[in-house]
Amino acid sequence: MAKPKYTSHVGMVDILPDESPKWRALENIIHEEAVRFNFEEIRTPIMEQTELIVRGIGQLTDIVSKEIFAFEKGDSHYVLRPELTAPVVRSYVEHHLDQRGGSQKLYYIGPMFRAEKPQKGRQRQFHQFGVEVIGSDDPVADVETIAFMMRIYERIGIRNFELKLNSVGDPESREAYKEALREYLKPNLSKLSEVSQKRFEKNPMRILDSKETEDQEFIKNAPVIQDYLNEETASHFEKVTQYLDDLGISYTIDPYLVRGMDYYTRTAFELTSPDLGSQDALAGGGRYDLLVEEIGGQPTPAVGFAAGMERLLIACEELGIELAEEKSVDVYFVTLGGAARSFAIKHLPKLREAGVSATMDYMSRSMKAQMKDANRENARYTIIIGDNELNEGKFTLRNMKESEEDSLSFNEILTKLS
RNA sequence: GAGCUCGUAGCUCAGUUGGUUAGAGCGCCAGGUUGUGGCCCUGGAGGCCGUGGGUUCAAAUCCCAUCGGGCUCCCCA
């Protein structure tokens, strides 16, 4: 097939009419559950200042170092947002949302951008939904965040997954642990992979997350952060696990779980699914108690997660879960001749005002073609209008499923359908 | 950034050791039925065989390059 002159950019896909209903169904579920959890929606711009993303996520992360779409215009440095935690925190600080009182329970749905090579479950423009609870230190916030995430999958019917949990420590225990880790790795530093060596000074914990083969034997026997958590952090983590147990949410503790963004502290979690292939992370998140201050606000604890919507839909596909109902329309006007067409166009609004979805042929086609179109559109009823009907003021209402017809006035039809 | 693999109609795919006007199913349009959809029958439209170059009397088919898709590694949603 010859390539069309214009195509979408690599890794940026159109959501076509056959696909969009399931997206809307998913969005509706997220909005509904958010209401039940009393989370409020926040919408931020697609672009942010480059500096915010670099500072927020971390200079050395993969996201910032190689996956960002950035450009300049005049003196401004724009970046297409690769994730939404840093932008939401920016908004929180910029608009003093702390002044609304209490903790802010925010959620979002929207497109994100990362300049990666696309593959299954990975696009350059993709969609996430997520939650950010800003202002609470309480393990309840961690667990409610996780519970919201799990609730979405539960409601959709995706149950085949693993929730991995870890604590990456507060600043104090983290420093102690990093020191121990450096101490442990130092003798073999030159044997580690290049990436890991680069991370050694600034972020040795990411080494634990390494998939490089030469790193594995050192990771295997590395000290575990749990042994370095101070009392407060350990007790926070224990409360999180206890609440999760109370809720019947099962998880596995993975002491080497380290997430891709530098801002995480204490609770970290990740949800993976065997139905996804190699890009198996459905969702991930954790606490980021230092980020608000890093971005210029008051020291404020926070926790959140982000979930990939394409990946969720892939899992649905694998599991045979249909999110959207078949398309349909209540009424299709089948018109014969100009008078019938002008009658139809005048009466469409009356049906719609009554809450009945209604359409008609736009192409002046034969009756047979109109009936065929009505069938394709999955119309519940056709209203057939010709000269006979117009003269008598009675129209043929055809039930398409039952293949039964009635002769009724328009008002009778309106009453019957609304 | 690296590897593997695939590009033929809107979609899914045939196309023999290179050999005349490149095919099927589905979908689309029309007719069979001058006022009735789905099922059926008939017909039609729709192809620079991804693109460029090479080999050959002859290329969808062989070779090279290039672009695009899919999958994998890395990393992440």
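Note that the structure is a prediction, hence the values are computed from the model and not measured. (Residues numbered from 1 in each chain as written. Chains lettered and ligands numbered in written order. Predicted model: local features only at pLDDT ≥ 70, side-chain atom pairs only at ≥ 80, totals over all residues. Heavy atoms only, no water.)

Draft legend 1. Main features of the side chain of Lys178. For Lys178, the position within the fold is in helix α6 (residues 171-185). Excluding residues within four positions of it along the chain, Lys178 makes contact with Lys202, Pro204 and Met205. (Helix = DSSP H or I, 4+ residues; strand = E, 2+ residues; numbered from the N terminus. Contact = heavy atoms within 4.5 Å.)

Draft legend 2. Up close: the nonpolar core. Judged by nonpolar contacts, the single largest core of 45 residues is most densely connected at Ile30, Phe129, Phe148, Met149, Tyr153, Ile156 and Leu312. Looking at this core, the element that brings in the most residues is helix α5 (residues 139-156), giving ten residues. The residues touching Phe129, leaving out its near neighbours within four places in the chain, are Ile30, Tyr108, Ile109, Ile152, Tyr153, Phe305, Ala306, Ala307, Met309 and Leu312. With 44 residues, the next largest nonpolar core counts Val64, Val89, Val168 and Ile207 among its residues. (Core = buried A, V, L, I, M, F, W, Y, C linked by side-chain atoms within 4.5 Å. Buried < 20%, exposed > 50% of the residue type's maximum accessible area, 1.4 Å probe, protein only.)

Draft legend 3. Structural detail: the sheet that holds strand β13 (residues 358-360). If you trace the five strands from one edge of the open sheet to the other, you get β13-β12-β14-β15-β16, paired in mixed fashion. Looking at the sheet topology across the chains shown, the edges are occupied by β13 and β16 (404-408). The average undirected angle you get between the axes of adjacent strands in this sheet is 25 degrees. Relative to strand β14 (residues 379-385), strand β12 (residues 329-335) is paired through six bridges, and the arrangement is parallel. Residue pairing across strands places Phe333 opposite Ile383, the latter belonging to β14. Together, β12, β13, β14 and β15 (395-399) form the strand contacts of helix α13 (residues 338-353), whose direction differs from that of β13 by roughly 165 degrees. (Pairing = 2+ DSSP bridges. Axes fitted to C-alpha atoms, helices over the stretch in contact; angles between N-to-C directions.)

Draft legend 4. A look at the pattern of salt bridges. By the definition in use, this model includes 28 salt bridges. The residue Arg266 makes a salt bridge to Asp137 at a minimum N-O spacing of 2.5 Å. Of this pair, Arg266 sits in strand β9 (residues 265-272) while Asp137 is found in the loop between β6 (125-134) and α5, placing the two residues 129 residues apart along the sequence. With its nearest N and O atoms 3.5 Å apart, the salt bridge here joins Lys327 to Glu377. Pair noted here: Lys327 is in the loop between α12 (309-319) and β12 and Glu377 is in the loop between α14 (367-376) and β14, with a separation of 50 residues, a long-range link. Residue classification places Lys327 among the partly exposed residues on the basis of a relative accessible area of 47%. Judged by its relative accessible area of 28%, Glu377 falls in the partly exposed class. Each of Glu32, Glu33, Arg36, Arg151, Glu154 and Arg155 takes part in salt bridges that share partners, so that together they form one network. (Salt bridge = Lys/Arg side-chain N within 4 Å of Asp/Glu carboxyl O.)

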